[in-house]
Amino acid sequence: MATDPETSNLRAAVEQYLAARPALVRWRQWLAGRRYRVANLGGRAHPLFAIAFQFRDGKRAAELTQALEHDWTEVPAKCREAYDEILFQAPKLVVIQLHRTNVCKCLAHRHVAVREGPFAMPHDAFGGDHAGEMDIAYERVKTWQALPLSETALDAKFLEGSRLEEFHAEQFRLRLLSIVLHETNHLVQPGEPETSIRERSMAFYREALAAYTENAIATLSFTIDRSFSRLG
Ligand SMILES: [Zn+2]
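Residues numbered from 1 in each chain as written. Predicted model: local features only at pLDDT ≥ 70, side-chain atom pairs only at ≥ 80, totals over all residues.

**Digging into the overall build of the protein chain**
- From N to C terminus, the protein chain includes 9 helices and 5 strands.
- N-terminal to C-terminal, the α/β element order of the protein chain is α-α-β-β-α-α-α-β-β-β-α-α-α-α.
- The C-alpha radius of gyration of the protein chain comes to 19 Å, within 12% of the 17 Å expected for a compact globule of 232 residues.
- Seen through its principal axes, the protein chain has C-alpha atoms that stretch 70 × 40 × 40 Å.
- The burial tally for the protein chain puts 31% of its 232 residues in the buried class.
- When contacts within the protein chain are restricted to residue pairs at least 6 apart in sequence, long-range pairs at least 24 apart make up 77% of them. (Helix = DSSP H or I, 4+ residues; strand = E, 2+ residues; numbered from the N terminus. Rg over C-alpha atoms; globule rule 2.2 N^0.38 Å. Buried ≥ 20, exposed ≤ 12 C-beta atoms within 10 Å, placed from the backbone. Contact = placed C-beta atoms within 7 Å.)

As structure tokens, then:
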């Protein structure tokens, strides 16, 4: 997807800002294993997401980046449209602290104030505004029973096609994406009740997963048909 100039400006400004911090501060953070990645939602100008993670969680941070930059562009248009207004009102920069797990067993939280050092105070690099912040506990996301019945039915379909691993990776990324949208919704509309925010994010997840499955199964039967015809 094409990236508009405003997108690359904000992104470049945040990257420059991170690189321009005092060497001692950057070294201390580096040695403590703190790393950052920035990602847009597909080609959207903002919000820009800054993923803060520990070195050992690099693979998960890469998956979250893929969900934001790529999977978002592949979900049905109506899934994206449901978040248009919310994303339009979102802070220019949203920090996502990626954790393995957390004590309270929640999937994610929004933070009232930004805790991640470099983004705690408003800065010109991210539009002079306060950033938003959330955390996500990815081990919880992995084991989350989001749609217990239909997800088990889908597992069975992919098991037949031995593409279960690929399906689980996509499923995990779509869950992450729906959680980022859910928490962004809370940041933008703090007065909206949990039930309606949850309904929106679950509809996103359900429809995005259904569209992915439909597509994957169409390709899968095509492959099976071909191998059968080779036998015949
Ligand atoms: Zn919530």
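Moving on from the coordinates now.
**Comments concerning the sheet that holds strand β5 (residues 132–137)**
- Here 5 strands make up an open sheet; going across it, the order is β1-β2-β3-β5-β4 and the pairing mixed. Two strands in the sheet have a free side with no partner beyond their single neighbour: β1 (34–40) and β4 (108–111). Direction aside, neighbouring strands of the sheet carry axes that sit 20 degrees apart on average.
- In the packing of helix α3 (residues 58–74) onto the sheet, contacts are made with β1, β2 (48–54) and β3 (93–99), and the angle to β1 comes to roughly 10 degrees. (Pairing = 2+ DSSP bridges. Axes fitted to C-alpha atoms, helices over the stretch in contact; angles between N-to-C directions.)

**With respect to the pairing of β2**
- Taking burial as the measure, the 7 residues of β2 include 6 buried ones, the bulk of the element.
- Note: β2 against β3, 5 bridges, orientation parallel. Following the sheet pairing, A50 is matched in β3 by V95.

**So, the confidence of the model for the protein chain**
- Per-residue confidence for the protein chain gives a mean pLDDT of 88; residues scoring 70 or more make up 90%.
- Across residues 228–232, confidence stays below pLDDT 50; counting only partners more than four residues off in sequence or on other chains, it has 0 contacts. (pLDDT = per-residue confidence, 0-100.)

**Concerning unusual backbone geometry**
- With an omega of 5 degrees, the peptide bond running from H46 to P47 counts as cis.
- Mapped onto the elements, P47 comes out in the loop between β1 and β2.

**Quick notes on the packing of α3 against helix α8 (residues 164–188)**
- Following both chains from N to C, one finds α3 and α8 inclined at 80 degrees, their axes separated by 9 Å at the closest point. Taken together, the axis directions place α3 and α8 in an arrangement best described as roughly perpendicular. Contacts between α3 and α8 pair E63, L64, Q66, A67, L68, D71 and W72 from the former with F172, R173, L174, L176, L177 and V180 from the latter.
- Residue composition of the contact of α3 with α8, by class: 9 nonpolar, 1 polar and 3 charged. (Parallel < 35°, antiparallel > 145°, perpendicular 65-115°, else oblique. Nonpolar A, V, L, I, M, F, W, Y, C, P; charged D, E, K, R; others polar.)

**Things to note about α8**
- Counted at 1.5 Å a residue, the expected span for α8 with its 25 residues is 36 Å, and the 36 Å between its end C-alpha atoms agrees.
- Within α8, 18 of the 25 residues are buried, which leaves the element mostly enclosed by the surrounding structure. (Expected span 1.5 Å × (residues − 1).)

**Description of the environment of F49**
- Tracing the backbone shows F49 in strand β2.
- As a C-alpha pair, F49 and A169 span 120 residues in sequence and 21 Å in three-dimensional space.
- In contact with F49, not counting residues within four places along its chain, are V38, A39, L68, V94 and I96.

**Some details on the nonpolar core**
- In terms of nonpolar packing, the biggest core is built from 48 residues, with I51, I96 and I136 touching the most fellow members.
- Elements supplying a minimum of two residues to this core: α1 (5–19), β2, α3, β3, β5, α6 (138–143), α8 and α9 (194–231).
- Looking at this core, the element that brings in the most residues is α8, giving 8 residues.
- Once residues lying within four places of it in the same chain are set aside, the contact partners of I96 are F49, I51, A52, L64, M134, I136 and V180. (Core = buried A, V, L, I, M, F, W, Y, C linked by C-beta atoms within 7 Å.)

**Here's the deal with the environment of A137**
- Among the structural elements, A137 can be located in strand β5.
- Look at A137 and you get buried, because 22 C-beta atoms sit within 10 Å.
- Excluding residues within four positions of it along the chain, A137 makes contact with H99, R100, T101, N102, C106, L107 and A108.

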